[in-house]
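A look at the structure
In case you want the letters, here they are:
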Amino acid sequence: MTVTLDNTDVDPARVAALTERERARLAERTRRSGELFARAGAVMPAGVPSQFQKADPWPVYVDRGDGARVWDVDGNEYADFHNGFGVMCVGHANPVIAEAVKRRMDAGTHFAAPTEGSIVVAEELRRRWGLPQWRFTNSGTESTMDAVHLARGATGKDVIVKIEGTYHGHHDAVMVSVKPPADLMGDRDRPNAVPYGLGYPSTTASQTRPVPFNDADALERLLDELEGQVAGVILEPAMMNINIVPPVDGYLQRVRELTAERGLVLIFDEVKTGAAVAAGGATELFGVTPDVVCLAKAICGGLPGGAVGMTDELGALVASGQVRQQGTFNGNPLVMAAAEATLLEVLTDEGYAKLHKLNEDLMAGCDRIISEYKLPAHTVGMGSKGCVVFSSEPIREYRDYLTKIHHDLTNLAWLYHMNNGIFMTPGEDEEWTLSVMHTDEHLKRYLEVFEMFARDVTSVD
Ligand SMILES: Cc1ncc(COP(=O)(O)O)c(C=O)c1O
């Protein structure tokens, strides 16, 4: 049977057969990973340090990385477009970062007392984002947790409004309606708050309320309904965990107005966009400044760290200790050394110009293949990040992603990439991230593999 997807004849049986073939190939090519997986399962749930690394039939265990390349434990070489979930815009083993970290290593790595490095990094973040006050954290989860505390501390209210389908880390307040199943999510006009897993107090869902992305009217209705209860609104200015969903024109401006009018704290979660889509992240790109910005991932060049930027008013609550923002490793000198080198020496104006050019070229190459093979797909991208979305209609929110994306094609494309030397984020949840160490050669390889996939999937026997 042939199902017509838009202009394309894609035979589901063909997709299923190719998927089975490619799955078997992946297992065959990554046998050593399979052995490690068997060993790891005895000491780590699902054989992985973090649930996000779980994969079928097993995760590909990585041995090392250099520049834009990684090698797995079976010796397979890949051009890396996964880039550590968007952390490694600097490239692997970047000599500038390595030198800065080694220097700091020799001078002591931890004192739990401030060092000058934290001031230098905070000054650079202030320059990039325009927010005056900064504190450091150890991850994106901590950054958004601190942001929620700030919102509640500043307003004395409990409820946090978030976007349906976004992930903001794994603390209670935001583990709601992250990937709600279709049968539990309720009406679009009044989405249910669905806990993401077990282990949160039963009151959590009532204190975190979801709204659809890109719909300022829906946000306005909810804020009116919850008048007097809401502390703040947290959102990714561009959604980055259902491929990439950019904000529609005027959306962020309206969100800014609606929150400001009501005295609510507006939090931008820029854990993924920060320093990756522009020097000042999505805040710079879309020209809307929130009250709090959450950063992590790309700002520390591969070391685990994060930061929270805030207004002077919110900073005063932290300074006085009314809102507790603290941690043994906050502003750790090793992490600060990596962040300083990343922000001041690698992700410079030239670095961003290179990333943007590479990204545009890669998207243009994918667009050409999509059009030539009439694939039901389109590209979306910004800064160092982009993706092929297997839908011929634009995706504006989580519910579009559930219903409009050809999930089988997305997964098959991932298998083709992995089996042909392109290390990619799995499935339809993610995007590619480029580094300053990528070159046209890496792009060429990506496009060759994507074309091979397009040809195989659309060819008629
Ligand atoms: C948008 C966003 N916010 C927060 C987080 C949590 O960051 P971390 O994994 O560093 O805790 C993530 C992680 O992927 C994220 O994508």
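Every value quoted in this text rests on a predicted model; they were computed, and no experiment measured them.

Considerations on the site of the ligand
Surrounding the ligand, one finds Ser139, Gly140, Thr141, Tyr167, His168, Gly169, Glu236, Asp269, Val271, Lys272 and Lys297. Within the backbone of glycine 140, one N or O atom sits 2.8 Å away from an oxygen atom of the ligand. Lysine 297 places a polar side-chain atom, nitrogen or oxygen, 3.0 Å from an oxygen atom of the ligand. Protein chains shield 84% of the accessible area of the ligand, which is 390 Å² for the free molecule.

Points about helix α5 (residues 116-129)
Between its terminal C-alpha atoms α5 stretches 20 Å, which fits the 20 Å expected from 14 residues at 1.5 Å a residue. Turning to α5, its buried residues number three or more, namely Gly117, Ser118, Val121, Ala122, Glu124, Leu125, Arg128 and Trp129. Angularly, the buried residues of α5 cover 165° about the axis, an arc narrow enough to put them on a single face. Every exposed residue of α5 that faces more than 90 degrees away from the buried side is listed here: Glu116 and Arg127. Turning to α5, the residues buried within the fold contact β6 (133-137), α10 (281-286), β11 (292-295), β12 (306-310), α12 (333-346) and α13 (349-372). Two residues or fewer past α5, glycine 130 is found with a positive phi of approximately 80°.

Re the pattern of salt bridges
Tallied over the full model, the rule gives 32 salt bridges. Notably, a salt bridge pairs aspartate 63 with arginine 64, separated by 3.6 Å at the nearest N-O pair. Across the pair lysine 272 and glutamate 431 runs a salt bridge, and its minimum N-O distance is 3.2 Å. Linking lysine 272 in the loop between β10 (265-269) and α10 with glutamate 431 in the loop between β15 (422-423) and β16 (432-433), this pair joins segments that are 159 residues apart in sequence. With relative accessibility at 1%, the residue glutamate 431 sits in the buried group. In this structure, a network of salt bridges that share partners links the residues Arg21, Glu22, Arg25 and Asp456.

Some remarks on the sheet that holds strand β9 (residues 230-235)
Pairing is mixed in the open sheet, where seven strands are placed in the order β6-β12-β11-β10-β9-β7-β8. The sheet is open, and its two borders are formed by β6 and β8 (208-211), each paired with just one other strand. Direction aside, neighbouring strands of the sheet carry axes that sit 20° apart on average. Inspection of the sheet shows β9 paired to β10 by four bridges, in the parallel sense. Of the residues in β10, the one forming a bridge with leucine 235 is phenylalanine 268.

Digging into the packing of aromatic side chains
One pass over the structure, following the stated rule, counts eleven aromatic pairs. Considering the side-chain rings of phenylalanine 390 and phenylalanine 453, the 5.8 Å spacing of their centres and the 80° angle between planes classify their relative orientation as edge-to-face. In this pair, phenylalanine 390 is assigned in the loop between β14 (385-389) and α14 (398-404) and phenylalanine 453 in helix α16 (residues 440-458), connecting sequence segments 63 residues apart. Judged by its relative accessible area of 3%, phenylalanine 390 is buried. By relative accessible area, which is 1% here, phenylalanine 453 ends up buried.

Topic: helix α4 (residues 95-106)
Taking 1.5 Å per residue, twelve residues should reach 16 Å; α4 reaches 16 Å between its end C-alpha atoms and fits that length. Contacts made by the buried residues of α4 are with α12. Two or three places before valine 96, at the opening of α4, asparagine 94 has a side-chain oxygen 2.8 Å from that residue's backbone nitrogen.

Describing the sheet that holds β15
The strands that make up a sheet are held in pairs by hydrogen bonds between backbone atoms, and each pair lies either parallel or antiparallel. One open sheet holds the four strands; their spatial order is β3-β4-β5-β15, and the pairing between them is mixed. The sheet terminates laterally at β3 (62-66) and β15, the two strands that pair on one side only. Strand direction decides the pairing type here: strand β4 (residues 69-72) and strand β5 (residues 77-80), joined by three bridges, are antiparallel. Residue pairing in the sheet places arginine 69 in a bridge with alanine 79 of β5.

Conventions used here
- Residues numbered from 1 in each chain as written.
- Predicted model: local features only at pLDDT ≥ 70, side-chain atom pairs only at ≥ 80, totals over all residues.
- Heavy atoms only, no water.
- Near = heavy atom within 4 Å.
- Polar contact = N/O pair within 3.5 Å; in protein donor to acceptor, adjacent residues only side chain to side chain.
- Areas by Shrake-Rupley, 256 points an atom, 1.4 Å probe, with all protein chains shown as cover.
- Helix = DSSP H or I, 4+ residues; strand = E, 2+ residues; numbered from the N terminus.
- Expected span 1.5 Å × (residues − 1).
- Buried < 20%, exposed > 50% of the residue type's maximum accessible area, 1.4 Å probe, protein only.
- Arc of directions from axis to C-beta.
- Contact = heavy atoms within 4.5 Å.
- Salt bridge = Lys/Arg side-chain N within 4 Å of Asp/Glu carboxyl O.
- Pairing = 2+ DSSP bridges.
- Axes fitted to C-alpha atoms, helices over the stretch in contact; angles between N-to-C directions.
- Phe/Tyr/Trp six-rings, centres within 6.5 Å; stacked < 30°, edge-to-face > 60°.

Read these as geometric descriptors, not functional statements.
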